[in-house]
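If you want the building blocks of each chain, they are given just below.
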Amino acid sequence: LGTEEKEKMLSNILKELYSIIEDRKKHPLENSYTNYLFVQGLDKILKKVGEETSEVIIGAKNKNKKELVYEISDLVYHLLVLMVNEGVTLEDINLELENRRGK
């Protein structure tokens, strides 16, 4: 796969995951971890974002790429949960990053 195709796949994965999380908020599933986070509320979501951030730092300090990729993936998931909870879209983030790139 070329660079463009890989970027498109990444974008699609993030969009798909965001949509799944959004759907879980609208249509809770019993025994769903995502649903659990929404039920617990913002403080729990923020706690998980903080924990995962710390684990990313530890993974980077350990110089272990596999561990780092795993922890970054956890952080991205929890950030997406936070975004859905707070009504922040991927398009909002994309626009902000585009604006920063133009500076």
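That block above? That's the structure.
Residues numbered from 1 in each chain as written. Predicted model: local features only at pLDDT ≥ 70, side-chain atom pairs only at ≥ 80, totals over all residues. Heavy atoms only, no water.

Comments concerning the nonpolar core
Now for step 1: Y18, I21, F38, I45, L80 and V81 are the most contacted members of the largest nonpolar core, which has 15 residues in total.
Now for step 2: Looking at this core, the elements with two or more residues in it are α1 (3-26), α2 (33-40), α3 (42-61) and α4 (65-86).
Now for step 3: When sequence neighbours within four positions are dropped, the list of residues in contact with I21 reads T34, F38, Y77, L80, V81 and V84. (Core = buried A, V, L, I, M, F, W, Y, C linked by side-chain atoms within 4.5 Å. Buried < 20%, exposed > 50% of the residue type's maximum accessible area, 1.4 Å probe, protein only. Helix = DSSP H or I, 4+ residues; strand = E, 2+ residues; numbered from the N terminus. Contact = heavy atoms within 4.5 Å.)

A look at unusual backbone geometry
Now for step 1: In the Ramachandran plot, N31 falls in the positive-phi region, its phi being about 65 degrees despite a non-glycine side chain.
Now for step 2: Along the chain, the position of N31 falls in the loop between α1 and α2.
Now for step 3: The exposure class assigned to N31 is exposed, which follows from its relative accessible area of 77%.

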